[in-house]
Each structure stands twice: as structure tokens, then as C-alpha cells.
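Per-entry structural report
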Number of protein chains: 2
Amino acid sequence: MTGAPEPGPEGGATPPPGPRPQGPDGPPGYPPAAGGTAGPAALLPLLRQVLEALAAGAARRGGPIPAGPPAAVAEQVREALAAAPGPDALARLVELLAYGSADPADPACAAHLHCPPLAVAVAADLAVDALNPSQDSWDQAPAATALETALLAELAALAGYDPARSAGVFTSGGTESNLMGLLLAREAVLGAGVALDGLPSGVRPRILASEAAHFSVQRAAAVLGLGERAVRAVPVDRALRMDPAALAAELAATVREGGRPIAVVATAGTTDTGAVDPLPEAAELAARYGAWLHVDAAYGGGALLSDRLAPLLTGIAAADSLSLDWHKLGWQPVPAGVFLVRRAETYAPLARRAVYLNPADDEEAGYPSLLGRSLRTTRRPDAFKLAVTLRTLGREGLGRMVDACHDLARAAAEAVRAEPALELATEPQLTTVVFRYRPRTDAPAASDRLNGELRRALLRSGRAVIGRTELPGTGPGRVRLKLTLLNPRTTPAQVARILAETAREGRRLEESDGPSGRG
Amino acid sequence: MTGAPEPGPEGGATPPPGPRPQGPDGPPGYPPAAGGTAGPAALLPLLRQVLEALAAGAARRGGPIPAGPPAAVAEQVREALAAAPGPDALARLVELLAYGSADPADPACAAHLHCPPLAVAVAADLAVDALNPSQDSWDQAPAATALETALLAELAALAGYDPARSAGVFTSGGTESNLMGLLLAREAVLGAGVALDGLPSGVRPRILASEAAHFSVQRAAAVLGLGERAVRAVPVDRALRMDPAALAAELAATVREGGRPIAVVATAGTTDTGAVDPLPEAAELAARYGAWLHVDAAYGGGALLSDRLAPLLTGIAAADSLSLDWHKLGWQPVPAGVFLVRRAETYAPLARRAVYLNPADDEEAGYPSLLGRSLRTTRRPDAFKLAVTLRTLGREGLGRMVDACHDLARAAAEAVRAEPALELATEPQLTTVVFRYRPRTDAPAASDRLNGELRRALLRSGRAVIGRTELPGTGPGRVRLKLTLLNPRTTPAQVARILAETAREGRRLEESDGPSGRG
């Protein structure tokens, strides 16, 4: 009973009958699997094709993103998909994917929390794809089950949790982790298995998050049946951190108006500016009102890897639940999200007994189950690539990469300050720099339009992929440009060149006959 | 501004200053990235290590799963993680993951909807990991954005939807797809952005699904704030299909009791037996009550690839939404779930405007956004591996694999019938065979205990990974064994050997001094 078709010990006397002739890798006509004893040999020539096509596509792209409008890439994709099936599809489509990517390994690709993954993490992840473990039952993932459990304990300790009392799971990212945190908050405060339509009238569940929190907080409230309007936006200070006095006032107002604060969401590293909300104050206020504290550290959690930056997250261990994303400051391929709770018992509302996955007698016999840890059922071990990365580089190796990106952001802020046409929005906190091109006629509408067009002009020419956002309450205009610096191999000179090109493009747009409607 | 540190056209005059010396792959001390022009060369030696370690681990395992108790694998994992960081971690941990896997490419690994992925799909997926596109904005995934859109149209047509009117997204699997279907049902029937705690009193939303439907329906109801008890279980017929008369009765009773039927969930291929609910009748009844029809075809959707089996799904195109999983009958590595809606406009409640991802002026300028298609934000293109697979093998190539697994299930059912100690539960519908070992003393409790122990004995000895479930309403006992046959390379003789070994193990357990408490 092994992968080989030769008669095994039990079946030695039984020649394989049946209609299908047997080859060393199964009957002809069925293409090879990636697993089994024959999988590695079948993979090697295909992987070589992939690597060649990746190199060819990157060379054809010749920069951070393909030049041209979106319709041009889409047309190439449609043509490629219209080709007849055949063995050249792999090389052809990989070359096209590589050509048509915004490659975060290019120093001029610096728009989003979109990291260039480490080669070692990508290589490790290939093993996961080939073996295809699924963590909804032990008998689909024996080693992966143990590995995720052990790695989560390590990550819990990194965040200051007691690893023996905490629990967690790998997720698809901060959005899923935030949903889980708010789901457990809802169950903890309103009762496990709550049907919201059956709540006593007058109980109005509310979530408090800063106005700079990620939009996934609203989205989670909507999914959870609370409605987006259940989220109350707490004002931020000048550095875009939640203002503790404003949080206290909003909590008091919520209760006064008949609302029930079920959760406070504090952000440790906002998407745009890396601002870290005051965690100890948020914890104290949440506790005072009987609310759950969820800390969204999807971005800022990477600071835990750095001795220099970890103090920014002081107080994080008071959170009832946490979001961490190792596909941001952690250099993993997407996804490598992590959700953690401080006290494992608060996870109980997600416990599930499925007779085909974790029957009680199997659990009594010592077979562990992670089914109740996730909102998913089928689930690949995304922990594996991170475990390999941490065991290859250590926390120190990753911490040096975090520090390098932080250094780069500070250097970029200096370069913005040195360029009169650019204006820094706030001091960098983690690894992002937010700024704008300052038009000669500095009216809000003109600034917003010009900055939006400027970004698209860089994108369309294939020169640079820079970010764009809007900041609350800072004038003139709201649109800001952004460099999210997640590539430790990028040099300050390369960043300075992007900024110089940005300023040049802004002048070019102003000098042409005024900004046109379309960027 | 390319990945290479050599001065580019814009920066030709600026030698890279800054504190860090430049090598061809960036400063020393930062390990190589998988992307960029240098990525493929950095990956090759690492991939070789992975393939060697995969082969070594599979050889050490020597069967479908490592022999021994779960604690033994966990101990090896703990030891491996305790080692000091260093460059040997990749090979060491991959070997351990391969050893400690339940490998679905082994013919004796046949418990779950856990397929042996195709080598070509795994190779394609490596490109995704290396390039790390993220589909929450076009400027993180130009080609991938176009490719997912085109592939979803193709899959919609396969299901009988009008591709120009439908919409969808790749998901982590049936559980997420079912959640999305029921979320859109809730919004469609109760109003977009509904806050359930604000519903007029007396509106009690209800979901109707058969008692054989997947547990993720209850889980979705809980997440959505409806509570698990919002799901009413509709009785099944002998073949474990939803009984249309019973559905009609349950809908009438729901309304009579003041409930509001928001959704009917029909299953096209139940997890255990592959039973397909009567889709045309479910559609007609859902429409009559103003309820949304969601069809969970996570398993049975694979039948769309086969001319022989596609007629089982007649009526599926009437569904308002659909779950399909290509990591089941589709031979993709996890995840390759798909969610589709018949009418794109029903997706509107998920639309999102995020100023840093899809600002209105970018969309007006022709930059498409998939942000509103998914419950996630960061999202890798899981469509790519399926696109490459379909373009390599065609629907016909995959259809032959589906037919081979269906043949195998029928052969397995014959083999069960031919073995007096085994008893078939139902005729195979798709690719699963459900049966039990019939003990000499055939009392319900004895049968249940013996079958549970028998499965664990096979597992613990490393001989075979077979499934176990419980069926509603069929005696004696409820525990059943299960082969889920998803490997077209497996021969009927290999399946017969697993069944013979199962019968032998049952006799062995009975002949030892009676079943002991622990399996």
C-alpha cells in the first residue's frame, strides 16, 4: 500500500487487474502528481520551466510594472487563455504572469504593504503545495498540525502572551484576523451562539475604532450582522494615533445613547502611516467598559522582530486578541496572517465537532484537532514557510531586515524634505513615508487631482509603483502619495531617485496644458 | 528603476551612495528575494534541496502516513523547531513535513476530499509565490486581475451561468464560499447593510438545508449573527438527498411559525456520500418563498468536467450563488475555492471603496478593482494554477480523471459487496464509498466502537488512511467507514487491497480479547 504500483507486502499475490495498463507513474493519460515518491522527479523539469519563464517575463517587463494601460495587459491575458490546451501552457502563462506583475522585489515597486518574499520561504512553500496537507483533521496533516501549534506558541511569546494559555491560528490576513477578533468579542460580550435578531430590544452592540483604522473593521461589523454603522470612529491626534481622551468620550457617549461597547479596536501600525494607537490606555478603557480589546497589528506586528522598534508595541500583551501579518513585515508570500487570543478559553464559541473530521473517540485516543481554531475547514499549513524562515534566519535576521526598512523610510523622509516640490505629511513611524507633490496653485482640488494623475503617470509609464491614499483632516486636499518600503535591499539612493522622478513628473504635468481629466 | 542595482536610465548620473555596499543581489546580510531578475537563480538551489528532502521524507515514511501515535510526530516536530537557526533548516524541515504527511498521492491515503495535486498546478503556483501578486488592487496584480476575471467567466459558463451577467471570486474553499452565499442571501432578503439587532421584532431569518449538508452552513449562520439555530434541517431520502416534499413542508412550517426563509442551501455532492439534492425542485421552492438559492457544489462541481457525470448537476444554473472547489475534483493544491453569483448586481453589498486601493479617479481612468469581490483584502491569485491546469489538460483531460475516480468508486463498491465482513451503506454517487465492518455481535454500540477502532488501527500502523463518518438515520449504529477516491492513478486492485486489509484488521480486533476502550 505505497505509492509504487508494484505489489506490496499485503498484496504480493494479487497482480493489478483492471482495464488500465500500469506504468511507473500510473496509467498513461493521467498527468503526474506532485506528491508521492515519484512527485519530486516529475516536478523538477516543470520547475525549471517556471524559473526560466519567470526570468524571461521579468526581463520583458524591464521595471517594476508593465508599461501601458490596464487594457493592454488584459488583452494579452485574454489572448493567452484563448490558446488551445497543450504542454506549453505552463511556460507561456508564467512568462505572462511575470511580465504582468507589479514585482515588489523591484526597488521602484513601493506602493503597498506588499513585500518581496524571501526565496527560502517560497521554496519551503513549494513543499506544502506538493504534499497538500489540510489542517481540518490530523489525518490530513500530522506534522503540520504539530508545527502550527508549536509555532503559534512561539509567536504568542513574541507578543508577550503566555504561550501556555493563549491560542491562535494562521489566517488569510488581517481582514480575516480582525473578523475573528470581532466575532469572539461579539460572542464574549453578548453570549456564545448569539442570534442578534433575538437580542432584547435596546441592546445596540457597538465597536470603537479610530478613524484611521483599517476598513476591514467596518466590513467585519457588516459580516457579523451588526451593520457598518455599529462602528464608531474615534478621532486621532496629529500623528494619526487614536486619542485616548476621545476614546473615553466616545465610550461614555456610546453608553449614554443606549449602545453596548462590545469591542475596542486599537491599531498597531496603520496601513498608511504606521501610527500605533496608545495600547495601554486602550486596554484600560476597554476593561473599564467590559469591552474586548482587539489589536490590529497586521503591519506593526513586524516591529516585534526588531529590538529597536519593539518598544513601540508596549502594552500589546493586554489585548484579548491580535492580528499579525507575516506577509507584510515578515517577507512571506501571501498569505501568512496570524490570529491570536490571550486566553484560549475565549476561543470556545468556535469549537466544532464534525463526525467526519474530529469524532470524540479519535480525540480521546490522542488525535488532536485544529478544526475549531479556524473559520475555514480545508486549510493549508501557511505556518510552514514562516517556521522555515525563522529557523533559517532567526528573529535577529528578520529584525535586521525590519530595521533596514525603517532606516530607508527615515532616509526617504529626509529626501522628501530636501525636495521643495514635495511635502511630507507626517514623520515615518515604521516603514512608510506619506507626502504629496505641492502644485504651484496649491488649492485642495488641484492638489488632489494632480497627485492622483501623477501617480497614474508613473504607473502607466512603467517607471514606478507608488502608493496613494487620503488622510483625515490634513489639508490642503486629502490625497497623499506614499512609499511603503518593505525591501531591505533597496538603497536610499534608489528611493531618492523615485522621489526625484515623482517631482519631475509633477512639474511635467503642470507644464503641459494643465492637468487633463484622465490620468 | 529596475531590480538591478546598476544605474538605470533615469539615475545614470547618481552612483548609489548610502551606507550599504551593493552586491549583485543587494547588500550582504539580506537573504535573497524570490522575485526580481535575480530571484530565479536564487530559487534553483533551494528548490533542489526541497525536492531531495521531499523524496527522502516520502521514502522514510514508506506509506500513506507515518506509523505511530500523534505524539511521536509532534515530538519530532518540537525537536526540529528547537534547533539553532541556520541554512540547513529548509532541508531538515521539508524532510520532516514530507515524512509527517498523509500523502494523498499514495493510493492507500483515501479518507477525505483531499486530492493529490497535479505537478503542473504545483509548478504554476510557485510562480505566484515568487511574484507575490495581491488582488486587492490592480497595481499589485495587473495580469492576475485580468486572469481571474477571465477564468471566472469560463467557470461561470461551465456551470451554465451567463458569463456576461455573473460574477465571482476565488476563495479559500467551500466554507468561505458558503459564508459568502449566505451573506449575500441575508443582504438580498433583509436589505443591504442590515443590522440584525435593529430588525423589526418578529422577523426571524431562517436558512433551510438538508440534514446531510456541510456543517459550514451552521457555522456561517453563527458568523452572520443569525445563530446556528437559524438553520432548519430538512430530512433526506434513502440516498441522502434532500427530500423536496420535506423541503416544501419545512418552508411552510417556517413561515407559519413566524420565520423568514432567507435561503435554501442545496448540496450538489455531500461530503460523505456525494449525494446531489434535487436542484430544480429546490430552485422552484426557493423562488416561491422569495428565498435565495445557494448550491454547495464544493465536491460535486467537479462533475461539470465530465460528460458522463455533468447531468447529475442539471438545474445548477438556477442557483443564485454557487460554491465550487477545485482542490477537490480538480487536483489543485489547497486552496482553489470558487464562489459565483448568477447576477453580478447581487454582489453590490460587498462593494468597497478604499482610498488607498481603489480611489474613484483610478477606476474612472480604467484601473479595475476586485476589492469588492472578496471578503479578504490581501489575496493571492489562486486562479493562476487552475488556469494553467485547464490550459495544459483541457476540460477533457480533467474529465478523464473525474471519470477514472468514479470508475474506481464503483469498483470499490463491488469489492465491498464481495467481502462478507463489509457492508455497503449506499451506492456511490461520485467518488466515495461508504461502508462499515460488520461485527459478529452486530449491536449499534459495538459496531460503532469497532469501526472507530479499526480506522485508528490502520492509521496508527501507517497502513492506510481511510475515512470515518456518521450517517443520519441508518442502522445499526451510525459510524461508517469511507474511501474518498480522488487519485485517478490508483488501481481497483490497490483499492481492493485496502478493503481486504480493513476486513482483516476488523477480524483481528474482534479476535483479540474484545475491543478495548482505546483505539
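The shown structure was predicted, so the numbers you read here are calculated from the model rather than taken from an experiment. (Residues numbered from 1 in each chain as written. Chains lettered and ligands numbered in written order. Predicted model: local features only at pLDDT ≥ 70, side-chain atom pairs only at ≥ 80, totals over all residues. Heavy atoms only, no water.)

**Some points on the overall build of chain A**
- A tally of helices and strands in chain A yields 13 helices and twelve strands.
- Relative to the globule expectation of 24 Å for 519 residues, the C-alpha radius of gyration of chain A, 26 Å, shows essentially globular dimensions.
- Along the first, second and third principal axes, the C-alpha atoms of chain A reach 90 × 60 × 45 Å.
- Relative to its full complement of 519 residues, chain A shows a buried share of 66%.
- Contacts in chain A between residues far apart in sequence, at least 24 positions, make up 69% of those at least 6 positions apart. (Helix = DSSP H or I, 4+ residues; strand = E, 2+ residues; numbered from the N terminus. Rg over C-alpha atoms; globule rule 2.2 N^0.38 Å. Buried < 20%, exposed > 50% of the residue type's maximum accessible area, 1.4 Å probe, protein only. Contact = heavy atoms within 4.5 Å.)

**Quick notes on the relation of the copies chain A and chain B**
- Note on the identical chains: chain A maps onto chain B by a rotation of 180° and an axial translation of 0.0 Å, with an RMSD of 0.0 Å. Viewed as a symmetry operation, the transformation between the two copies matches a two-fold axis.
- Most of the interface of chain A is mirrored in chain B, where 99% of its interface residues are also at the interface. (Least-squares fit on C-alpha atoms with pLDDT ≥ 70 in both.)

**Side note on the interface of chain A and chain B**
- Counting residues at the interface gives 196 residues for chain A, matched by 195 residues for chain B.
- Here chain A packs against chain B, burying approximately 15900 Å² in sum over the two surfaces, 63% of which is carbon and sulfur.
- Note that R456(A) is salt-bridged to D361(B), the shortest N-O span being 3.0 Å.
- Applying the counting rule to chain A against chain B returns 54 residue pairs in polar contact (both at pLDDT 80 or more).
- In terms of residues, the side of chain A that touches chain B owes the most to one element, helix α1 (residues 39-61) of chain A, which gives 13 residues.
- Of the residues belonging to the side of chain A that touches chain B, the class tally is 114 nonpolar, 44 polar and 38 charged. (Buried area = accessible area lost by both parts, 1.4 Å probe. Salt bridge = Lys/Arg side-chain N within 4 Å of Asp/Glu carboxyl O. Polar contact = N/O pair within 3.5 Å; in protein donor to acceptor, adjacent residues only side chain to side chain. Nonpolar A, V, L, I, M, F, W, Y, C, P; charged D, E, K, R; others polar.)

**Brief notes about the packing of helix α2 (residues 70-82) of chain A against helix α5 (residues 142-158) of chain B**
- For the pair α2(A) and α5(B), interaxial distance at closest approach is 9 Å and the crossing angle is 50°. What the angle tells us is that α2(A) and α5(B) run oblique. Considering how the two elements wind past one another, α2(A) and α5(B) form a crossing that is right-handed. Residues V73(A), A74(A), V77(A) and L81(A) of α2(A) form the contact with α5(B), whose own contacting residues are P142(B), A143(B), A146(B), L147(B) and A150(B). (Axes fitted to C-alpha atoms, helices over the stretch in contact; angles between N-to-C directions. Parallel < 35°, antiparallel > 145°, perpendicular 65-115°, else oblique. Left-handed = near helix turned anticlockwise from the far one by under 90°.)

**Regarding helix α5 (residues 142-158) of chain A**
- Taking 1.5 Å as the rise per residue, α5(A) with 17 residues should run 24 Å; its terminal C-alpha atoms sit 25 Å apart, in good agreement.
- P142(A), A143(A), A144(A), T145(A), A146(A), L147(A), E148(A), L151(A), L152(A), L155(A) and A156(A) are the residues of α5(A) that are buried.
- Elements that come into contact with the buried residues of α5(A) comprise β2 (167-171), β8 (337-341) and α11 (383-418) of chain A together with α2 (70-82) and α3 (89-99) of chain B.
- Of the residues flanking the end of α5(A), it is G160(A), one or two places downstream, whose phi is positive at about 90°. (Expected span 1.5 Å × (residues − 1).)

**A short note on the UniProt feature "modified residue: N6-(pyridoxal phosphate)lysine" (unreviewed entry) in chain A**
- What UniProt calls "modified residue: N6-(pyridoxal phosphate)lysine" (unreviewed entry) maps, in this numbering, to K328(A).
- On the secondary structure map, K328(A) appears in the loop between β7 (321-325) and β8.
- Contacts of K328(A), omitting those with residues within four sequence positions, involve L113(A), C115(A), A298(A), Y299(A), L486(A) and T378(B).
- Polar side-chain contacts of K328(A) include one of 2.6 Å to the side chain of D325(A). (UniProt positions renumbered as here; feature names shortened; annotations may be inferred.)

**Brief notes about the confidence of the model for chain A**
Residue and element names in this part refer to chain A.
- Looking at chain A as a whole, the pLDDT averages 93, with 93% of positions reaching at least 70.
- Throughout residues 515-519 the model reports pLDDT below 50, and contacts reaching past four residues in sequence, or to other chains, amount to 13 contacts.
- Both confidence scores are given for the complex: pTM 0.94, ipTM 0.94. (pLDDT = per-residue confidence, 0-100.)

**A look at the pairing of strand β3 (residues 204-210) of chain A**
Residues and elements named next belong to chain A.
- Counted residue by residue, β3 has six buried out of seven residues, so it is predominantly covered.
- Pairing analysis gives six bridges linking β3 to strand β5 (residues 259-267), with the strands arranged parallel. Note that in β5 the partner of I207 across the bridge is A263.
- Bridge count between β3 and strand β4 (residues 231-234): four bridges; the pairing is parallel. Directly across from L208, in β4, lies its bridge partner R232.
- For the crossover from β3 across helix α7 (residues 216-223) to β4, the handedness is right-handed. (Pairing = 2+ DSSP bridges. Right-handed = clockwise from strand over helix to strand, strands pointing away.)

**Remarks on the nonpolar core**
- Ranked by size, the top nonpolar core spans 192 residues in total, and within it V295(A), F384(A), V295(B) and F384(B) carry the most contacts.
- What F384(A) contacts, discounting residues up to four positions off in sequence, is A124(A), A127(A), V128(A), L147(A), L93(B), V94(B) and L97(B).
- With 68 residues, the next largest nonpolar core counts A167(A), Y347(A), A220(B) and W292(B) among its residues. (Core = buried A, V, L, I, M, F, W, Y, C linked by side-chain atoms within 4.5 Å.)

**So, the pairing of β7(A)**
Residues and elements named next belong to chain A.
- The element β7 is largely enclosed, with a buried count of five among its five residues.
- Going residue by residue along β7, you find S321, S323 and D325 tucked away on one face and L322 and L324 tucked away on the opposite face as well.
- As paired strands, strand β6 (residues 292-297) and β7 are joined by four bridges and run parallel to one another. Bridge pairing in β7 links A297 to L324.

**Quick word on empty space enclosed by the protein**
- Counted under the stated rule, the structure contains 14 cavities of 30 Å³ or more.
- In this structure, the largest cavity occupies an estimated 320 Å³ of space.
- Considering the residues around the largest cavity, the lining is formed by 32 residues, among which Y356(A), T378(A), L113(B), H214(B) and K328(B) are closest to the centre.
- Of all the elements, helix α6 (residues 174-190) of chain B adds the most residues to the lining of the largest cavity, at three residues. (1 Å grid on protein atoms, 1.4 Å probe; cavity = no way out; pocket = protein on both sides within 12 Å on 5 of 7 lines; lining within 4 Å. Points joined across faces, edges and corners; volume = space filled by probe spheres on them.)

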